[in-house]
Amino acid sequence: MPRSSAAAPFAVSLTLCLGLAACGGGGVHGTPGAAGVRDPYFPKAGNGGYDVTHYTLALAYDPEAHKLTGTAEITARATQDLSAFDLDLKGLDVGGVTVEGRGARWNRSGQELTVRPHEDLDKGETFRTTVRYSGRPPTITDADGSKEGWLPTADGAVGLGEPTGSMAWFPGNNHPSDKATYDIAVTVPKGLTAVSNGEPAGESTKKGRTTFRWHTAEPMASYVATVAIGRYKVSRSATKDGLPLYVAVDPTQVKASAKVLAKIPEILAWEKYNFGAYPFTSAGAIVDRPDDAGYALETQNRPFFPGAPDTGTLVHELAHQWYGDSVTPKSWRDMWLSEGFATYAEWLWQEDHDGDTADEIFNSLYKGDYYDAKEDNEAIWAFPPGKPSGAAHISDPPVYDRGAMVLHKIRETVGDARFYDIIQGWAAAHRHGNADTADFTAYVEKTAPGKDFTKIWDDWLYGEGKPSRP
Ligand code: TRP
Ligand code: ZN
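Residues numbered from 1 in each chain as written. Chains lettered and ligands numbered in written order. Predicted model: local features only at pLDDT ≥ 70, side-chain atom pairs only at ≥ 80, totals over all residues. Heavy atoms only, no water.

To continue, consider the domain arrangement of the protein chain. Structurally, the protein chain comprises domain 1 (7–230), domain 2 (232–322) and domain 3 (328–461). Each of domain 1 and domain 3 was reduced to a C-alpha centroid, and the two centroids are 33 Å apart. Facing 16 residues of domain 1, the contacting portion of domain 3 comprises 19 residues. With both sides pooled, the region where domain 1 packs onto domain 3 buries about 1500 Å², and carbon together with sulfur makes up 62% of that total. Between the two partners, domain 1 and domain 3, sit 0 salt bridges. At the junction of domain 1 and domain 3, the tally comes to 5 residue pairs in polar contact (both at pLDDT 80 or more). (Domains from an automatic or database assignment. Contact = heavy atoms within 4.5 Å. Buried area = accessible area lost by both parts, 1.4 Å probe. Salt bridge = Lys/Arg side-chain N within 4 Å of Asp/Glu carboxyl O. Polar contact = N/O pair within 3.5 Å; in protein donor to acceptor, adjacent residues only side chain to side chain.)

Time to look at helix H3 (residues 264–275). An ideal rise of 1.5 Å per residue puts 16 Å on 12 residues; H3 measures up with 15 Å between its terminal C-alpha atoms. Where H3 is concerned, the buried positions are Ile 264, Ile 267, Leu 268, Trp 270, Glu 271, Asn 274 and Phe 275. Down the axis, H3 shows its buried residues gathered within 165° of arc, on one side only. Along its buried surface, H3 packs onto strand E19 (244–249), helix H2 (254–261), strand E20 (283–287), helix H4 (311–319), helix H5 (336–352) and helix H9 (416–429). Gly 276 sits one or two residues past H3 and shows a positive phi near 100°. (Helix = DSSP H or I, 4+ residues; strand = E, 2+ residues; numbered from the N terminus. Expected span 1.5 Å × (residues − 1). Buried < 20%, exposed > 50% of the residue type's maximum accessible area, 1.4 Å probe, protein only. Arc of directions from axis to C-beta.)

Along the chain, the position of Gly 48 falls in the loop between strand E1 (31–32) and strand E2 (50–62). Each C-alpha atom, one on Gly 48 and one on Pro 32, is 8.6 Å from the other, the two residues being 16 residues apart in sequence.

Following this line, the structure appears as C-alpha cells:
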C-alpha cells in the first residue's frame, strides 16, 4: 500500500481560473509538471516543469540491516508555473517533504513521488525541496535482465544508476538530460569507507560512525552518480599535471588490480592528447564485488569495476568521462554517442599500443570473425546504433561495436587530422552538456564541408541490417 501524507490524496488536476479574483494574488496559476520527459525508451524517467541545479544528499547506511536513511535537498528552477511536480523515487519510505521550508503534500504512485507545494511556484523561480526518506534501497532489474540501483556487497553496498537506478537511493529528476552539481555525505559504521563522485570534502567520526563528504562541482547526470560503501584500500595521488586521483579497491581485489590501475595516469594522458582537456577536477576508480552486477560503469570522476579490470575496460570507462559523462546523451536513444565513442577509444588504444589497427578491427567485425561465436558476430547487425530496438537493447552490440564502426567510417571519409579535430571539437562543444544524434551529424557536416556523409548516416547510423559494403 503506498503511503501518502496526512492530507487526503489529492487529485492532480488543472487549475481553472474562474474570474480574475481566483487567478490573481493567491498564487493559483500553476499546473502540474509532467511525470516523465518523454524518453523514447524510459517514458517515466525524469519529470517535467523544473530543472535541478544542485543535490545535497545526506545519507546514512547500516550494511548489516541494509538500511538507508536519507535527506535529499534538491535545488531546482521551475520551467513553468507549477502547482505540483514529480520526483523519481523507487521503494523506500518517505518521512516528509518540504518546499521552501514549508510542509508540502505528497503522494506516491510507482516511481513517481508527486509533491504539491504549499504555494504554486512561478516559472523561473528557484526553489528548494527537502525529502526525508529511509528503508532498504531496492536492487532494480532492467529490461535487459541486468541489475542496478542498490547492490549489496560482502561488507557494504554500491549504488549504480544506469539507466534508471539512482532513484533506488535518492529522489530526483532521474534522466540524463537534467544534469546538476552534487554534495553527497555518507555516514557509515566506523571502519568502513564511503566513496562517491567528485572530490573528498572532509570526514568526521562521532559515536562510532564516520561521515564522508564528497563534492561534485561539475554537472553530473544521475545515472553516473555513485556511492560505494565498504572496506577499501584507498590511494590518493595525482597525475603529472596535477589532476588528483582517488582510487578505492576492495581488499580482495588489490593484488589482481594493482598493475592495471597503475596505468590510470598514462591512459588519461593518452586520452587527453586524443580527446582534449580532461573534463573534471579529479579522477580515479572504484573496484568492488557486488553480489549481483558484473559490469563496469563510467561513474563520474571514478569509474566502477566489478573486480580487477583489463586495460581495454579501463581505457573504455575513462574515455566515457569525455563521452557520456561530460558530453551526455540527451535521451537513451542517443546511447551510441556514449558507447560507440568509448568502444572506439579502445580500438584507438590498441592501434597506438602495438595491437590491431582500428581498420583491422572494423574489417574483422564486418567480415564476422571478430568474436568466437557466430551469434556474437551477427548480433552487431540486429538494429542501427541510432535507433535501438527497445529498452532491453540499449546496451547491445549495435550500440557499442556498430556505433564505433560509424566513427571509423567518418575517419575514413575525412582522414586522421580532421577526425581528431572532430572528436576533440565535439567534446569541447558540448562539454558538461547534453547532445543527441542529430547534433552530432550536424557537427560532423559543419566541420567537414564538402564531404558527403549521406551514406554513412543512411546505412551505418540509421539503416536496418548489415550495410552491403564495408
Ligand atoms: N555502460 C557500461 C559501460 O559500457 C556497461 C553497462 C552498464 C551495461 N549497465 C549495463 C552493459 C547493463 C550491459 C547491461 O561501461
Ligand atoms: Zn561503456
